[in-house]
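Take a look at the letters that make up each chain.
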Amino acid sequence: MIVQRLIVSTIAVGLIFVANALWHRSGKPFTRLAAQAQGQTQAAPSFTSVWPQPLAIANFRSASISADNAFFVVVTSNKESLTLRHQNGKKIWSISDPGAAQACVAAGGESVISYAPLNPTRPTITIVRGAHADSVTRRTLDGAVWDVSMSQDGNTAAVVTGNHSLYLFTLRPTLSCRQWSLDGVGNSVKVNAKSQCVVAGTWDDSGIACYNFKGETLWKYPKDTAQRRAVMNRLFDAQISQDGQSIIGVSYSNIHHSDGVLYMWRRGGDGTPLWSYSLGGDTSRLRARITADGHYVALTYVQNIVQGDRVVEQRQLVLLDNTGKEYLRSGGPVFFRPSLVSVAPDGSRIAVSMDENTLYNVNSKGRLFSPKRLVSTIRNAEPSPDGALLLVYGSDGNLNLVRSFS
């Protein structure tokens, strides 16, 4: 497979206007997006702005959208504030939260958790509850916070730390917490109310583990010590589809997300992956997202192609179905250089960024839609959990809310 990709990539480098080869791996032809990127995009509605004017946000750090798309939370270093807003941009409340860098918000906007990822000097989380920030609780954990996730209903939150711990908080009706140990450093965590499960990806003693809300282990990957040695020192990210039934793990070798491998599991399985998909050692900057229905996984990555005495960087966009087969592959070294932003709930469209200030939608057949060009460089593009909305922050200090999929 790696040899095939190198052959295809070499052809793509030699032919400036052809970014994709007609190659069949899953029985479906790969599309030619490079020509469309030169002006043959589909003139159809694509991205639409939710607000008539963007919000000016000074000293922006991060933003996040609730599972029902109705609220979003913004973290800024200006006055070190945490602010909850309605989808229409109206401010609900704002509090001081020194040191916070990221946050997540529950559906309905009645729970917010903020934290400072990977900061050993701030091993705390701030839990804000109530429609008007009626209760603010700061909880110190046993180590640096690596990741936080909140369930769709806002009743449960999971936190993983660098001290091999997973905390599961019940947020409503009363605040409570249980804690258990992970095999490795908690690199990522996701919690899902529909399937009542928590999935954690670890580093050091690397892998993926699935738990129920009681803290009982449902399954682990790899299953035994010998298998775990094969993935030692790799980092694992975990994701759960919104229906709670499909889980993907994204494994990579360093902070550049190099040498990526994707896996898929079912929530009710025994930890044996349904499939795995290896990108190879010449790849980096892997981004992947599972669709809300769990039927597809969209990913982009960079592949370095050796061409004589030079190395050509080629970006690839791939859509995998739930059997691990390629449904779509596009990309190239020149015109179409996608970086994944989000994917529609059913996989029908994929939002990508290009050229620092441009967003494109690509449908599952490989057709490009009319782009959205921002007036400044995109500094941050945060999708809603279902991929339908994007909070886009630009170098001009403005925050835009964009509807990516109808």
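Above this text is the structure in question.
The sections below set out a description of the structure shown in this document. What you are looking at is a predicted structure, and each value in this text was computed from that prediction instead of being measured.

## Some words on the overall build of the protein
So, point 1. Regarding its fold elements, the protein presents three helices and 33 strands.
So, point 2. The 406 residues of the protein split such that 56% are buried.
So, point 3. If you take every contact in the protein between residues at least 6 apart in sequence, the share linking residues at least 24 apart comes to 46%.
So, point 4. For the protein, the accessible area works out to roughly 16,600 Å², and carbon and sulfur atoms hold 48% of it.

## Details of the pattern of salt bridges
So, point 1. Under the criterion given, the structure shown has 10 salt bridges.
So, point 2. Here Arg-122 and Asp-97 are joined by a salt bridge, their closest N and O atoms 3.1 Å apart. Linking Arg-122 in the loop between strand S8 (111–115) and strand S9 (124–129) with Asp-97 in the loop between strand S6 (91–96) and strand S7 (102–105), this pair joins segments that are 25 residues apart in sequence.
So, point 3. A salt bridge links Asp-147 to Lys-190; the shortest N-O distance between them is 3.9 Å. Linking Asp-147 in strand S11 (residues 145–150) with Lys-190 in strand S15 (residues 185–192), this pair joins segments that are 43 residues apart in sequence.

## What about unusual backbone geometry?
So, point 1. In this chain, Arg-172 is followed by Pro-173 through a cis amide linkage whose omega measures 5°.
So, point 2. With respect to the secondary-structure elements, Pro-173 resides in the loop between strand S13 (165–170) and strand S14 (176–181).
So, point 3. The step from Tyr-221 to Pro-222 runs through a cis peptide bond, and the omega angle for that step is -10°.
So, point 4. Look at Asn-59: it is not a glycine, yet its phi comes out positive at around 55°.
So, point 5. The topology assignment puts Asn-59 in the loop between strand S2 (55–56) and strand S3 (60–65).
So, point 6. Using a relative accessible area of 42% as the deciding quantity, one classes Asn-59 as partly exposed.
So, point 7. With phi around 55°, Arg-285 is a residue other than glycine that occupies positive phi space.
So, point 8. Since its relative accessible area comes to 39%, Arg-285 is described here as partly exposed.

## Digging into the sheet that holds strand S17 (residues 207–212)
So, point 1. As summarised here, the arrangement of the four strands in space is S15-S16-S17-S18, forming an open sheet in which the pairing is antiparallel. Two strands bound the open sheet, and with one partner strand each, they are S15 and strand S18 (217–221). Averaged over all pairs of adjacent strands, the angle between their axes in this sheet comes to 15°, without regard to strand direction.
So, point 2. As defined by bridge partners, S15 adjoins strand S16 (residues 197–203) across seven bridges and the pair is classed as antiparallel. Paired with Val-189 across the bridge in S16 is Ala-200.

## Quick word on the nonpolar core
So, point 1. Core analysis: the biggest nonpolar cluster contains 17 residues, and Leu-262, Tyr-277, Val-297 and Leu-299 have the highest contact counts within it.
So, point 2. When contributions to this core are tallied by element, the ones reaching two or more residues are strand S20 (246–252), strand S21 (261–266), strand S22 (275–278), strand S23 (283–290), strand S24 (296–307) and strand S25 (310–321).
So, point 3. Not counting the four nearest positions on each side in its chain, Leu-262 is found in contact with Gly-249, Val-250, Trp-275, Ser-276, Tyr-277, Leu-286, Ala-288, Val-297, Leu-299 and Leu-320.

## Comments concerning the pairing of S14
So, point 1. Relative to S14, S13 is paired through six bridges, and the arrangement is antiparallel. Pairing of Thr-170 across the sheet is with Ser-176, part of S14.
So, point 2. If you look at the hairpin formed by S13 and S14, you'll find five residues sitting between the two strands.

## A closer look at the sheet that holds S6
So, point 1. Pairing within the open sheet is antiparallel, and its four strands lie in the order S3-S4-S5-S6. Every interior strand has two partners, whereas the edge strands, S3 and S6, have only one. Each adjacent strand pair in this sheet contributes to an overall mean axis angle of 15°, direction not counted.
So, point 2. For S3 and strand S4 (residues 71–76), the ladder comprises five bridges, and the chain directions are antiparallel. Pairing of Phe-60 across the sheet is with Thr-76, part of S4.

## What about the packing of aromatic side chains?
So, point 1. Counting across every chain of the model gives 11 aromatic pairs.
So, point 2. Ring geometry for Phe-60 versus Tyr-393: centroids 4.1 Å apart, planes at 15°, classification stacked. Here Phe-60 is found in strand S3, whereas its partner Tyr-393 is found in strand S32 (residues 389–394), with 333 residues between them in sequence.
So, point 3. When its relative accessible area of 16% is taken as the criterion, Phe-60 is described as buried.
So, point 4. Given a relative accessible area of 11%, Tyr-393 falls into the buried group.
So, point 5. Centroid distance Trp-180 to Tyr-211: 5.4 Å. Interplanar angle 55°. Geometry classified as tilted. Residue Trp-180 is located in strand S14, and its partner Tyr-211 is located in strand S17; the two are separated by 31 residues in the primary sequence.

Rules and cut-offs
- Residues numbered from 1 in each chain as written.
- Predicted model: local features only at pLDDT ≥ 70, side-chain atom pairs only at ≥ 80, totals over all residues.
- Heavy atoms only, no water.
- Helix = DSSP H or I, 4+ residues; strand = E, 2+ residues; numbered from the N terminus.
- Buried < 20%, exposed > 50% of the residue type's maximum accessible area, 1.4 Å probe, protein only.
- Contact = heavy atoms within 4.5 Å.
- Areas by Shrake-Rupley, 256 points an atom, 1.4 Å probe, with all protein chains shown as cover.
- Salt bridge = Lys/Arg side-chain N within 4 Å of Asp/Glu carboxyl O.
- Pairing = 2+ DSSP bridges.
- Axes fitted to C-alpha atoms, helices over the stretch in contact; angles between N-to-C directions.
- Core = buried A, V, L, I, M, F, W, Y, C linked by side-chain atoms within 4.5 Å.
- Phe/Tyr/Trp six-rings, centres within 6.5 Å; stacked < 30°, edge-to-face > 60°.

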